[in-house]
Protein chains: 2
Amino acid sequence: MALTRCVAVLLIVFLTLSPTSSSQSIIQMITKEETHLSSDGVSGRRRGIDLYCESWRFTVETNDAGSWSRIPEKCADFVKEYITGERYSSESEAVADSSLAYAKSVGLSGNGKDAWVFDIDETLLSNVPYYAIHGFGSEIFDESSFDEWVDLAEAPALTASLRLYKGLQELGFTIILLTGRAEFQRNCTGINLQYAGYSNWERLILRGDSDHGKTASVYKSEKRKELEDEGYVIHGNSGDQWSDLTGFAVATRSFKLPNSMYFIA
Amino acid sequence: MALTRCVAVLLIVFLTLSPTSSSQSIIQMITKEETHLSSDGVSGRRRGIDLYCESWRFTVETNDAGSWSRIPEKCADFVKEYITGERYSSESEAVADSSLAYAKSVGLSGNGKDAWVFDIDETLLSNVPYYAIHGFGSEIFDESSFDEWVDLAEAPALTASLRLYKGLQELGFTIILLTGRAEFQRNCTGINLQYAGYSNWERLILRGDSDHGKTASVYKSEKRKELEDEGYVIHGNSGDQWSDLTGFAVATRSFKLPNSMYFIA
């Protein structure tokens, strides 16, 4: 408001004194002020939406939100900017740092049974190229087009997770991959992982026929329990969904990666 | 600020309009641009720190960070602005909304055993007035000065939690308060809760002599187990620490409130 008055006063001063030589610079200054004002107005509304979307994201990342099928409509731009901006990768790096700090503190048995369990989608591999052409979570999930994308085996690594993966291998952890992808996707998943830079995992566990219809939380808990029964100690578990991490047979430490695009129960 | 800028711009206009001043005005405009650039430089560095602190906060709120004793030194301003700004209350309101949406979906037995467990500090009561004069988490926790603050019984309610509390009572939930505060603080805690607007809780559970030395997670799990053994069904649990919510005898749904100021194991 004060700025609006300021622009008005400037205009009066300009008209009263009516110079010719510097009129252009003054007009440019006024235009600049107006642009600034207009952009302030826009960013005021934008800040309100950002505040709403930040708070929504808090409830998603802490598992407070419960089940949801699509990002809020008004958060489409917010999520797009978050995912494609520097925050998503920065948060992923911070999670990798926390994971590695813990991993270094673990006393390993050295018998090959010191396990770290990784989820795949949005944990080791990034499907952002797919979601970028599907509204970053603002469209209802379409399984058939996603399966076509998976079949291409072109998903890049999450850079932070690749660093963590290699770091864990250097420390001597045995890597187990536990994914909600189905058995028929075993081949393309393995090819994609290698294409993205991952290698030497101990086991790749996918949903078999008997796992269909189970929630991710139940299916993954059952598989972790089987690993424990085989003698594995699951020191760490990394996943972008709470259903990767909770249930039973949970790891000593679980690491939640960010994902503002979709929810899996 | 806007008025100061207005005066500065007016000054430039007068200098611009004087016969000999067009070059001077250009210099001043350039100076102004440089100031703007320089302020952008400052906010550029600030953005870098904010990005770091946002990412740190992500690891804290998702329980990825593990144990920590103090907020990172460079995040002191960030945490202060977060707590005193609109985000902290907005996130708290979003958590209350998620909690209430779930609560409304619960089929209550109506036998008085439908329980909702609340933590107290930074969940029902806000100690921000205390932390505001102790660096918002940038100082090491000092138990004796904190106990003096607790004894004053002047902590205000977290507005969002008071709304949730009353909403749950209207729905018919039995409210159980489970706090890490000690038995000797029972009196001032009850007085403070009533001063802040809370009433009609079923039970207030504090650390007894046998609970000292236990982690909050173990102590609170044991107390929840005792409640279950008495026939309570713990439908919901609200707390600002993961140690309020995890362990055993966990609630059907747990709701993590934000807290960037301190960590309790």
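Residues numbered from 1 in each chain as written. Chains lettered and ligands numbered in written order. Predicted model: local features only at pLDDT ≥ 70, side-chain atom pairs only at ≥ 80, totals over all residues. Heavy atoms only, no water.

Participant: Would you take a moment to explain the overall build of chain A for this structure?
Facilitator: Assigned secondary structure in chain A consists of nine helices and five strands. Sequence-ordered secondary structure for chain A, helices as α and strands as β, is α-α-α-α-β-α-α-α-β-α-β-α-β-β. In chain A, which comprises 265 residues, the proportion classed as buried is 52%. Surface summary for chain A: the accessible area is close to 12200 Å², and the carbon and sulfur share equals 54%. (Helix = DSSP H or I, 4+ residues; strand = E, 2+ residues; numbered from the N terminus. Buried < 20%, exposed > 50% of the residue type's maximum accessible area, 1.4 Å probe, protein only. Areas by Shrake-Rupley, 256 points an atom, 1.4 Å probe, with all protein chains shown as cover.)

Participant: Please explain the state of the cysteines as it appears in this structure.
Facilitator: Put plainly, a disulfide is one covalent bond tying together the sulfur atoms of two cysteines. Residue and element names in this part refer to chain B. All chains considered together, the criterion is met by two disulfides over all chains. Residue Cys53 pairs covalently with Cys75 via a disulfide, S to S 2.2 Å. An S-S torsion of about -95 degrees defines the bridge between Cys53 and Cys75 as left-handed. Of this pair, Cys53 sits in helix 2 (residues 22-61) while Cys75 sits in the loop between helix 2 and helix 3 (76-84), placing them 22 residues apart in sequence. Accessibility classification places Cys53 together with Cys75 in one group, the buried group. (Disulfide = S-S within 2.5 Å.)

Participant: I would appreciate a short explanation of the packing of helix 3 (residues 76-84) of chain A against helix 4 (residues 86-105) of chain A in the present structure.
Facilitator: To describe two helices that pack against each other, one gives the angle between their axes and the distance between the axes. All names here are of chain A. Look at helix 3 against helix 4: their axes get within 3 Å of each other, and the N-to-C directions meet at 55 degrees. When the axis of helix 3 is compared with that of helix 4, the two are oblique. From helix 3, Tyr82, Ile83 and Thr84 reach across to helix 4, where they touch Glu86, Arg87, Tyr88 and Glu91. Across the contact of helix 3 with helix 4, the residue classes break down as three nonpolar, one polar and three charged. (Axes fitted to C-alpha atoms, helices over the stretch in contact; angles between N-to-C directions. Parallel < 35°, antiparallel > 145°, perpendicular 65-115°, else oblique. Contact = heavy atoms within 4.5 Å. Nonpolar A, V, L, I, M, F, W, Y, C, P; charged D, E, K, R; others polar.)

Participant: When you look at the sheet that holds strand 3 (residues 203-207) of chain B in this model, what are you seeing that I'm missing?
Facilitator: Hydrogen bonding along the main chain pairs the strands of a sheet, whether they run parallel or antiparallel. Residue and element names in this part refer to chain B. Judged by pairing direction, the sheet is parallel, and its five strands sit side by side in the order 3-2-1-4-5 without closing on themselves. Two strands lie at the open edges of the sheet, namely strand 3 and strand 5 (253-256), each paired on one side alone. The sheet shows a mean angle of 20 degrees between the axes of neighbouring strands, direction not considered. When strand 4 (residues 233-239) meets strand 5, the two strands line up parallel, connected through four bridges. Across the sheet, the residue bridging to Gly239 is Lys256, located in strand 5. Lying over the sheet, helix 9 (residues 216-229) contacts strand 1 (114-118), strand 2 (174-182), strand 3 and strand 4, oriented at roughly 150 degrees with respect to strand 2. (Pairing = 2+ DSSP bridges.)

Participant: Mind showing me how you'd approach the pairing of strand 3 (residues 203-207) of chain A here?
Facilitator: Working note: regular strand, side chains alternate between the two faces of the sheet. All names here are of chain A. For strand 3, a buried count of four out of five residues is recorded, marking the element as mostly surrounded by other parts of the structure. As paired strands, strand 2 (residues 174-182) and strand 3 are joined by four bridges and run parallel to one another. Within the sheet, the bridge partner assigned to Leu177 lies in strand 3 and is Leu204. Between the parallel elements strand 2 and strand 3, the chain passes through helix 8 (residues 186-195) in a crossover that is right-handed. (Right-handed = clockwise from strand over helix to strand, strands pointing away.)

Participant: Got a minute to help me understand the packing of helix 4 (residues 86-105) of chain B against helix 7 (residues 159-171) of chain B in this structure?
Facilitator: Residue and element names in this part refer to chain B. Across the interface, helix 4 lies against helix 7 with an axial gap of 8 Å and an inter-helix angle of 10 degrees. When the axes of helix 4 and helix 7 are compared, the pair comes out roughly parallel. In this structure, helix 4 uses Ser92, Glu93, Ala96, Asp97, Ser99, Leu100, Ala103 and Lys104 to contact helix 7, whose residues at the interface are Thr159, Ala160, Arg163, Leu164, Gly167, Leu168 and Leu171. Split by residue class, the contact of helix 4 with helix 7 holds seven nonpolar, four polar and four charged.

Participant: I would appreciate a short explanation of the packing of aromatic side chains in the present structure.
Facilitator: Within a pair of aromatic rings, the relevant descriptors are the distance that separates the centres and the angle that separates the planes. Applying the stated criterion to the full structure yields 31 aromatic pairs over all chains. Note on Phe118 of chain A and Tyr165 of chain A: the rings are 5.7 Å apart at their centroids and 40 degrees apart in plane angle, and the pair reads as tilted. In this pair, Phe118 of chain A is assigned in strand 1 (residues 114-118) and Tyr165 of chain A in helix 7 (residues 159-171), connecting sequence segments 47 residues apart. Using a relative accessible area of 0% as the deciding quantity, one classes Phe118 of chain A as buried. Overall, Tyr165 of chain A belongs to the buried group, its relative accessible area being 1%. Taking 6.4 Å as the distance between ring centres and 40 degrees as the angle between the ring planes, the aromatic pair formed by Trp68 of chain B and Phe263 of chain B counts as tilted. Residue Trp68 of chain B is located in the loop between helix 2 and helix 3, and its partner Phe263 of chain B is located in the segment after strand 5; the two are separated by 195 residues in the primary sequence. Among the residues examined, Trp68 of chain B registers a relative accessible area of 13% and is labelled buried. (Phe/Tyr/Trp six-rings, centres within 6.5 Å; stacked < 30°, edge-to-face > 60°.)

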